[in-house]
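# Structure at a glance
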Amino acid sequence: MDIREIPTAEAGMLIRGPVAEVFEAIVDPAITTKFWFTHGSDRLDSGNEVRWEWRMYGVSTPVTVSEFVSNEKIVMQWSDPPTTVVWTFAEMPGGTTFVEVRNFGFAGSPDEQVKLAIGSTDGFALVLAGAKAWLEQGLTLGLIGDRHPKGTPTA
């Protein structure tokens, strides 16, 4: 297989809430745990390194913030080997926010990179859907934990 572009995971979602509230939901682990990971060691901020945990799976990852523009953009590195995640937050009409996530820099063969990008797209789509449910309706859907009810896949 010949790959012409670097595999990149991309997901986006309109969330009916002000940009400051949506941005804070990604930055503050007390909120983020309602729809994504189970524990975060600290808030995201410029130059900050935090640890996110998914205790239902027994996994965690370091997260290092390399760029932080309040209510607009977060660039972070995470995972092992590290990949880059870029979050952008755009204020939309009616007090809504469009959130986009791009994840790139996957290691391995071209086939492995494509597989990782597809899995990351799946994961970030669930994160954004969970954030939307929490921020708009106050619902905790359990999407991340329910994605792999038998534990993390091994291959």
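Heads up: these notes are all about the structure in this document. (Residues numbered from 1 in each chain as written. Predicted model: local features only at pLDDT ≥ 70, side-chain atom pairs only at ≥ 80, totals over all residues. Heavy atoms only, no water.)

## What about unusual backbone geometry?
Here Asp 80 and Pro 81 are connected by a cis peptide whose omega angle stands at 0 degrees. Looking at the element boundaries, Pro 81 is found in the loop between strand E5 (73-78) and strand E6 (83-92). One non-glycine residue, Ser 79, adopts positive backbone phi at about 80 degrees. The topology assignment puts Ser 79 in the loop between E5 and E6. (Helix = DSSP H or I, 4+ residues; strand = E, 2+ residues; numbered from the N terminus.)

## Observations regarding the pairing of E6
Strand direction decides the pairing type here: E5 and E6, joined by six bridges, are antiparallel. Residue pairing across strands places Trp 78 opposite Thr 83, the latter belonging to E6. In textbook terms, the turn of a hairpin is the stretch between consecutive antiparallel strands, and for E5 and E6 this stretch comprises four residues, one of which, Ser 79, has a positive phi near 80 degrees. Taken together, the nine bridges between E6 and strand E7 (residues 96-104) define a ladder with antiparallel strand orientation. From the neighbouring strand, Val 86 faces E7, where its bridge partner is Arg 102. Hairpin connection from E6 to E7: three residues lie between these consecutive antiparallel strands, with Gly 94 at a positive phi of about 75 degrees. (Pairing = 2+ DSSP bridges.)

## Some words on the nonpolar core
Proteins that are soluble and globular tend to have nonpolar side chains buried together. Grouped together as the largest cluster of nonpolar side chains are 33 residues, with contacts concentrated most on Trp 36, Leu 44, Trp 52, Ile 74, Trp 78, Trp 87 and Phe 89. Only strand E1 (8-15), helix H1 (19-27), strand E3 (49-54), strand E4 (59-69), E5, E6, E7 and helix H3 (110-137) provide two or more residues apiece to this core. The contact partners of Trp 87, leaving out residues within four places of it in the chain, are Ile 26, Trp 36, Glu 72, Lys 73, Ile 74, Met 76, Val 99, Glu 100, Val 101, Phe 124, Val 127 and Leu 128. (Core = buried A, V, L, I, M, F, W, Y, C linked by side-chain atoms within 4.5 Å. Buried < 20%, exposed > 50% of the residue type's maximum accessible area, 1.4 Å probe, protein only. Contact = heavy atoms within 4.5 Å.)

## Concerning the sheet that holds E7
If you trace the seven strands from one edge of the open sheet to the other, you get E1-E7-E6-E5-E4-E3-E2, paired in antiparallel fashion. Edge positions in the open sheet fall to E1 and strand E2 (39-40), since each of these has one partner strand only. Bridge count between E3 and E4: six bridges; the pairing is antiparallel. Its bridge partner being in E4, Arg 51 is matched across the sheet by Pro 62. Against the sheet, H3 touches E1, E5, E6 and E7, its axis set at about 15 degrees to E1. (Axes fitted to C-alpha atoms, helices over the stretch in contact; angles between N-to-C directions.)

## Observations concerning the pattern of salt bridges
All told, the structure shown has seven salt bridges when counted by the stated rule. Residue Arg 43 is joined to Glu 24 by a salt bridge in which the shortest nitrogen-to-oxygen separation is 2.5 Å. Taken as a pair, Arg 43 in the loop between E2 and E3 and Glu 24 in helix H1 lie far apart in primary sequence, 19 residues in all. The class of Glu 24 is partly exposed, set by a relative accessible area of 25%. (Salt bridge = Lys/Arg side-chain N within 4 Å of Asp/Glu carboxyl O.)

## Quick word on the pairing of E3
Alternating positions in E3 separate cleanly, Val 50, Trp 52 and Trp 54 being buried on one face and Glu 49, Arg 51 and Glu 53 remaining unburied on the opposite face. Relative to E3, E2 runs antiparallel, the two sharing two bridges. Looking at the pairing, Gly 40 lines up with Trp 52 of E3. Here E3 folds back onto E4, and the loop between the two strands holds four residues, one of which, Gly 58, carries a positive phi near 70 degrees.

## As for the packing of aromatic side chains
For the structure on display, the rule yields 15 aromatic pairs. Ring centres of Phe 37 and Trp 52 lie 4.6 Å apart, and the angle between their planes is 20 degrees; this geometry places the pair in the stacked category. Residue Phe 37 is located in the loop between helix H2 (29-32) and E2, and its partner Trp 52 is located in strand E3; the two are separated by 15 residues in the primary sequence. Look at Phe 37 and you get buried, because its relative accessible area is 1%. Accessibility expressed as a relative area gives 1% for Trp 52, which makes it buried. Clustering of aromatic rings is evident, with ring pairs tying together Phe 23, Trp 36, Phe 37, Trp 52, Trp 54, Phe 68, Trp 78, Trp 87, Phe 89 and Phe 124. (Phe/Tyr/Trp six-rings, centres within 6.5 Å; stacked < 30°, edge-to-face > 60°.)

Remember, this is a structural readout, not a statement about activity or role.
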